[in-house]
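# Reading the structure
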Amino acid sequence: MNELDLRQDVAVLTEQIMNIESVSGNEQAIADQVHEALLKLEHLQVHRDQDAIVARTNFGRERRVVLAGHLDTVPLPRTEGALGTVPAQVIDGVLYGRGATDMKGGVAVQLALAAELTDAKYDVTYVFYDHEEVEAAKSGLGRLVRNSPELLEADFAILLEPTNGTVEGGCNGTSRFVIRTHGKAAHSGRAWMGHNAIHDAAPILQRLADYQPQTITVEGLDYREGMNAVRINGGIAGNVIPDYCEVEINYRFAPDKTLAQAEALVFELFEGFEIERTDGAEGAKPGLNQEIAADLIKILGQEPKPKYGWTDVSRFSALGVSAVNFGPGDALLAHSDDEHVAQEDIRTCLNSLRAWLS
């Protein structure tokens, strides 16, 4: 495998790292390459924690910023002939392959800046981490927060998730709940001898259908909420009245609420049912109310937008570091069978951050 050349065209660098398959749980090969390349840069202090890597400048600047991105991808597409796979392909200036938008274009921008910026306006911390695309308990960034939080201290952070080249401030929080109903099993030929737990779930679905999600303005950005049933499980056989049913609900809530407040809202809505929160993560406020963020927005010349999905800006927010999402590519293409990004969009992202940091 060829060593990473961090000073080549950033679009070509993106293609090179896309060709290193790094589905979650298989990040070692790409982490080894990134680690080796960063160790060669004398202006950086490099720390590795399993397959997460932190590289920091120490120019003695008054302020420090973080540029962060994950190394892993979702699994490769199963569809025969899908373009969003490994190895990557370039077609008419567009780079196709797994991780094109989510988020090896952003990682390539980080690496290019790490090699180039030997005298930046701010001190910079570059964070590359594993296991973003799986359950939160495995997150490499979460592990860094637990093991070495001092390495993540900063005044501002950018997560290079795909945003179509504009800033997306903060993120919605997310939470998952399971609502259970119980019945009595019986032969379906003698249904009157039992009690159908799936039928008892009908009021749960009706309350969801009647619920009107809110749009809430936080620091000037409008966050759309959503509450939806995402899975139903019940029944054991085609001739048995089900004695058990579970409805799984996902609530995406605006960053004006804490996780505890979101939980209270859901518990109130489904009062009378057996309910359990199974997962949850805090949202993050936009983090645009400081000069360092305003400078970036001015360079981009575009109005910032809210981030509707949950991202790791939440982890930085929990550390007291204002954070935004900004990176090349369209988030709607992430994880798709034809995942792709225009090569020029990666170069534009690099140029914008170079101008901001220089």
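The structure contained in this document is the topic of the report that follows. Sequence positions are assigned chain by chain, starting from 1 and proceeding in written order. Residue-level local features of this predicted model are given only where pLDDT is at least 70; pairs of side-chain atoms are given and counted only at 80 or more, and the full residue set underlies all totals for whole chains, interfaces and linings. The side-chain quantities take in all heavy atoms of the structure and omit both hydrogens and water.

## Remarks on the sheet that holds strand S4 (residues 89-91)
Within the open sheet, the three strands sit side by side as S4-S5-S19. Their pairing is antiparallel. Each end of this open sheet is capped by a strand with a single partner; those strands are S4 and strand S19 (340-342). In this sheet, adjacent strand axes meet at a mean angle of 25 degrees when their direction is disregarded. Where S4 lies against strand S5 (residues 94-96), three bridges are found, and the strand directions are antiparallel. Following the sheet pairing, Val90 is matched in S5 by Leu95. Only heavy atoms matter for contacts: two residues are in contact if any of them lie within 4.5 Å across the pair. Axis definition: a line fit to C-alpha positions, over the contact stretch in the case of helices; interaxial angles, taken between N-to-C directions, run 0 to 180 degrees. What counts as a helix is a DSSP run of H or I of at least four residues, what counts as a strand is a run of E of at least two, and both are numbered from the N terminus. Seen against the sheet, helix H9 (residues 343-357) touches S4, S5 and S19 and runs at an angle of roughly 65 degrees to S19. Between any two strands, at least two bridges found by DSSP are needed for them to pair.

## Considering the packing of aromatic side chains
Aromatic rings from Phe, Tyr and Trp, with only the six-membered ring used for Trp, were paired whenever their centres fell within 6.5 Å, and each pair was classed as stacked if the ring planes differed by under 30 degrees, edge-to-face if by over 60, and tilted otherwise. Tallied over the entire structure, the rule returns four aromatic pairs. Pairing Tyr122 with Trp356 gives two aromatic rings, centres 5.8 Å apart and planes at 50 degrees, and the pair type is tilted. Taken together, the residues Tyr122 in the loop between helix H3 (100-116) and strand S6 (123-129) and Trp356 in helix H9 connect sequence positions 234 residues apart. A centroid spacing of 6.1 Å and a plane angle of 70 degrees characterise the contact between Phe156 and Trp356, whose relative ring orientation is edge-to-face. Separated by 200 residues along the polypeptide, Phe156 in strand S7 (residues 156-159) and Trp356 in helix H9 bring together distant segments of the chain.

## Quick word on the nonpolar core
Throughout this description, the term nonpolar core refers to a set of buried Ala, Val, Leu, Ile, Met, Phe, Trp, Tyr and Cys residues connected via side-chain atoms within 4.5 Å. Note on classification: 1.4 Å probe, protein chains only; a residue is buried when its accessible area is under 20% of the maximum for its type, exposed when over 50%, partly exposed between these limits. Counting residues in each nonpolar core, the largest one holds 61 residues, and the members touching the most others are Leu38, Tyr126, Ile158, Leu353 and Trp356. The biggest single contributor to this core is H3, with ten residues. Beyond its immediate chain neighbours, meaning those up to four positions away, Ile158 contacts Val66, Leu67, Ala68, Leu296, Val324, Phe326, Leu353 and Trp356. Among the nonpolar cores identified, the runner-up in size contains 19 residues, and Met227, Cys245, Ile249 and Ile275 belong to it.

## So, the side chain of Lys307
Turning to its location among the elements, Lys307 is positioned in the loop between strand S17 (305-306) and helix H8 (313-318). Take Lys307: its relative accessible area is 9%, and that puts it in the buried class. If sequence neighbours within four positions are ignored, Lys307 has contacts with Pro162, Thr163, Glu168, Gly169, Gly170, Cys171, Asn172, Tyr223 and Asn325.

## Observations concerning the environment of Tyr122
Among the residues examined, Tyr122 registers a relative accessible area of 2% and is labelled buried. Linking Tyr122 and Ser175, residues 53 residues apart in sequence, is a C-alpha distance of 36 Å. Ignoring any residue separated from it by four or fewer positions in sequence, one finds Tyr122 in contact with Phe59, Arg61, Arg63, Val65, Ile292, Asp295, Trp356 and Leu357.

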